[in-house]
Amino acid sequence: MLAEKIFFFNTIVLLFVLFRPKTFDEFSFDKFFNNACNKILLFYAMFFCDINSVNMKKETGSKKRISALIFQDKDADAKRLKHSLDKLGLSVYVSKKRSALTRKTIELKPDIVLFFSYESSKKNRSTYEKYKENIWLKKTGLIFILKSERQISDLPDFLSPGDDFIISPYKISELKSRMQKCIKSKRRVRRSSIHKKTKTDNSTSETHYLNLIENNPAAIAIHTGGKIVYANKKAIELVGAKSRKEVMGMPVFDFVHPDYKSIVAQRIKLAQEKGMHSETIEEKFLTLDKRDIDVEVASFPVIYENQKSSLVVFWDITGLKVIQRKLKESEEKFKQLFENLPDGVFLVSLSGKKSGAVIDTNASAEKQTGFNREELLSKNVFKNPEVRIFDPQLDFDNENLTPENFRFLFSESKCRKDKSKYWAEILTSSFNRGEDLYAISVWRDITIQKKDEEKILMLSHAVEQSSSLIMITDADGIIEYINPKFTAVTGYSSEEVVGSKPHFLKSGETTEAEYKALWKTIKSGKTWKGEFKNKKKNGDFYWESAVITPVKNSWGKIIRFFAIKEDITAFRQLHQQLAQVQKLDSIGILAGEMAHDFRNIISVISNLAEIIIMKKETGEDFNQELDYVKQSCKKASDLTNRLLTFSRKQEFTPSVIDLNEAIVNFEEMASHLIGEDVKIELIISSESQLIKADPIQIEQILINLTLNAKDAITQKPNTSKIISIETENIFIDDDYASYHVGIYPGEYAVFSVTDSGVGMTDDILHRVFEPFFTTKEKGKGCGLGLSIVYGIVKQNRAGINFYSEPGKGTTVKIYWPAVSCDQLPELSEHREKNLIGGSETILIVEDNKELRKHSSEILRSLGYNVIEADNGESALKIIESAGHNIDIVFTDIVMPVIDGEELVKRISEIPPHMKFLFCSGYPNGHRVMKGNLLTEKNFIQKSYPDSLLAKKIRNILDSEDK
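Residues numbered from 1 in each chain as written. Predicted model: local features only at pLDDT ≥ 70, side-chain atom pairs only at ≥ 80, totals over all residues. Heavy atoms only, no water.

Moving on to the pattern of salt bridges. Per the counting criterion, the structure on display carries 31 salt bridges. Its salt-bridge partner being Arg852, residue Glu868 comes within 3.2 Å of it at the nearest N-O pair. Within this pair, whereas Glu868 is found in strand β29 (residues 865-869), its partner Arg852 is found in helix α24 (residues 849-861), the two being separated by 16 residues in sequence. Residue Glu868 is joined to Arg860 by a salt bridge in which the shortest nitrogen-to-oxygen separation is 3.4 Å. On the basis of relative accessible area, Glu868 is assigned to the partly exposed category, the value being 22%. Classification of Arg860 as partly exposed rests on a relative accessible area of 40%. Linked by salt bridges that have partners in common, Glu339, Asp360, Glu366 and Arg373 make up one network. (Salt bridge = Lys/Arg side-chain N within 4 Å of Asp/Glu carboxyl O. Helix = DSSP H or I, 4+ residues; strand = E, 2+ residues; numbered from the N terminus. Buried < 20%, exposed > 50% of the residue type's maximum accessible area, 1.4 Å probe, protein only.)

The next subject is the sheet that holds strand β3 (residues 112-117). Pairing between the strands of a sheet comes from backbone hydrogen bonds, and it takes one of two forms, parallel or antiparallel. Spatial ordering of the open sheet is given by β2-β1-β3-β4-β5, a layout of five strands whose pairing is parallel. The outermost strands of the open sheet, each flanked by one partner alone, are β2 (91-95) and β5 (164-167). When strand polarity is set aside, the average angle formed by the axes of neighbouring strands in this sheet is 20°. Both strand β1 (residues 67-71) and β3 contribute to a ladder of four bridges, which runs parallel. Its bridge partner lying in β3, Ile70 is registered against Leu114. Against the sheet, helix α3 (residues 75-87) makes contact with β1, β2, β3 and β4 (141-146), and its axis sits at roughly 170° relative to β2, the strand it touches most. (Pairing = 2+ DSSP bridges. Axes fitted to C-alpha atoms, helices over the stretch in contact; angles between N-to-C directions. Contact = heavy atoms within 4.5 Å.)

Let us look at the pairing of strand β28 (residues 841-845). For β28, the tally of buried residues reaches five of five residues, placing the bulk of the element in the interior. Residues of β28 alternate between two faces, with Thr841, Leu843 and Val845 on one and Ile842 and Ile844 on the opposite face, all of them buried. Crossover β28 to β29 through α24 is right-handed. Across four bridges, β28 lies against strand β30 (residues 888-892) in parallel orientation. Paired with Ile842 across the two strands is Ile888, which belongs to β30. (Right-handed = clockwise from strand over helix to strand, strands pointing away.)

Below, the discussion takes up the nonpolar core. Judged by nonpolar contacts, the single largest core of 39 residues is most densely connected at Ile701, Ile814 and Trp816. Within the residue set of this core, elements represented by two or more residues are α19 (659-674), β23 (690-693), α20 (695-714), β24 (722-732), β25 (746-755), α23 (785-795), β26 (799-805) and β27 (809-817). For this core, the element with the highest residue contribution is α20, accounting for eight residues. When sequence neighbours within four positions are dropped, the list of residues in contact with Ile814 reads Ile701, Leu705, Ala749, Val750, Phe751, Val793, Gly799 and Ile800. One finds Trp528, Phe532, Ile558 and Phe561 within the second-largest nonpolar core, a separate group that totals 27 residues. (Core = buried A, V, L, I, M, F, W, Y, C linked by side-chain atoms within 4.5 Å.)

A separate point is the side chain of Asn362. Position of Asn362 relative to the elements: it lies in the loop between β12 (358-361) and α11 (363-369). A polar contact of 3.0 Å, which involves the side chain of Asn362, links it to the backbone nitrogen of Val345. A distance of 3.1 Å separates the side chain of Asn362 from the backbone nitrogen of Ala365, its partner in a polar contact. Those residues in contact with Asn362, other than ones at most four positions away along the chain, are Phe338, Glu339, Leu341, Asp343, Gly344, Val345 and Arg373. (Polar contact = N/O pair within 3.5 Å; in protein donor to acceptor, adjacent residues only side chain to side chain.)

By themselves, these observations are geometric and do not establish any function.
Written as structure tokens, this is what we have:
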């Protein structure tokens, strides 16, 4: 009966552990759990009532014939003993083999074994140890039959309690007496063992089941007369006690929350007076430290130690209550989420008679469709298009519906209750609940998105057909898209460039520092504007104006870059032509002013010539006058060269120059431009200002700015007629660059032109760089000056800013990127003091006799062998006769009959070592040379200084090129 109780208890506990729910909201399981708890209580009650009535049956026995097993391998001794014992009425068996002794004993179960120990003690010991390994044999009587008294000393190791021995020869009567004594002794041992076993079994069984209760995961307590008389480990733990002594004898109401004391008192009264057990209920207990704990508790009346008591089983459900509360909060949140989702949600039944019926929906679905909840719940998704949840192209209806899970995602134009149209993206999924099939459909209003898609499509067509080059890269600069115009201009197809970086466009004329500034700008989220000289697939160069804009996602992270570019090659060519026109306009002004200087120079030379003639007649020294003549000629030559250089038509060649020196050199030209009534004031920085620029471009900028400043001053009466030109070195930081378009962080050499003239209004300031825009009267300006300035500035990646207020004057600042001092070359080729000569042979071809003689004398003084020719025909004859000895031909380009270019072409066989130097009064000889013989290295412009001629000759002779 007890075993059945234990089995039932273990089954209930196992079910409880496996299936105890997280919440008791479900009615069916709650009923099961209450019944299970009641069964457990019933078991505990029965256990405590019956535990003292368990008794074990006493061992009983009956008289039977004594049996003996003889172990002897000698037949004679064994037969004699068997015969004697048979007469005494014993059942006697014989075993001759040692290996069979144990098997025979177990099989026959004799009362006693007679062990002939005639052999050595070693063999006896081995046989006996194997024999006694079996627990049954240890309880069988054993008498050793010894051959002599000497064997007695070995017996203590062998004999067990009740065993005996006898020495041959012996009397049968004595052997019988010893056998009876041994058998009685062994029976006493067995009875004692059985009694102990029975007692131990009872104790073990009770201990086992008490341990089961003591270590039960449920808290169990018994109270008698309102005081606790027993509590298991779990109960002690739950009330916060460290040992059983702390709770034993304490009033049970000390552990009951005040709100539940009346309920507990009523339950105890019913249990004691009417023997009623309570159903499982929720209560609050108090721990020893007065903490509240939520419990589920059940009680049952029992008799404990002959007194009416209550057995209480309870579980701590504080954690469970927290879980229930969180679950309830989660359900509430889910409900709120469901109701407040911006997307419409439909729950639809897809099985049974109501297949297709909407069984639930949220507020967003009402808002999207225009129908209220009651109207939506009356609709069927198969019959009413306004709530259709399946892609209509799939012809999915109630008839071909299968219970398998499915998922649809599609978009459809829907009609609201008021007949207005909208677009919905619909995601429908099915799920099973038991044998029923349901679908949940989520609708998102994508009307705005659809309009955006139409805009994107329109923009896509615009980008594809745009006349601008468009390139889109990812955040790392890898090309993702180019439009057809990009292919048309560069020659690269989309397949060739998508997936790579735009390195293939580099011409080598943009520095790494400029590229770094570009990337720094766009990666900071700002738009970059500028110009590039790039290279096409066929190797041709072209100019482009680019605007690169970062594209950010909704979180503000840069995900790609969008570049819009314009091919401005033709514009730059036109700009150069406009610049030339503007220069011609300036030349007209310069020529008029410089004519005055030329007249003064000519007058000086004429007067000096008369003085020289007079002194020559009187025999006086006139070397000083000759030096004055030479200086005046050089001054006239410099003025001519400056005018010719400024008017030349060629590509600009930037080099490293000192801005301060360039402005100082410009001061003399400026005096011719603005006249004597306006003063130029130079404020030159004490620091070196090194920039990379074409000196003529710097002069062109200064000419335009000073002319504009002069006009502004003359328009304002009673003002100081001073134009200030100032230089300074500055560093542009990120903050300043961010507010000034086209200027990037770094070191700059700045020069500014300031006047105190009429100034400009904001509307004029916004248009100053427009071509042909001018505020001057008709016929007094072409409006190209500042446009040309702006073009030069942007071409050199410099910056320009205007600061002007009406009536207060104007300041124009040019920010030119600075270079380091180690890049500064010799700024003037005329600085070399020691002229280097040689011993080579030079043929000079020059139709101007004076110039030819002068050049010959200079070169001969330097050690050269000089041959002279006055025209091309003479030069051909000399070359034909002595060409193998001539190292270099120095020829004028413009000559009668055969010019310099024709001379070179008509030489039938030019010796490999022969080289050429051309000269002309025209800049670079571009007006008279048509072929490709002329380079910057083999050309010198008249009038040239002696030092420059010597240097050119030496450089050409020392070079490997012709």
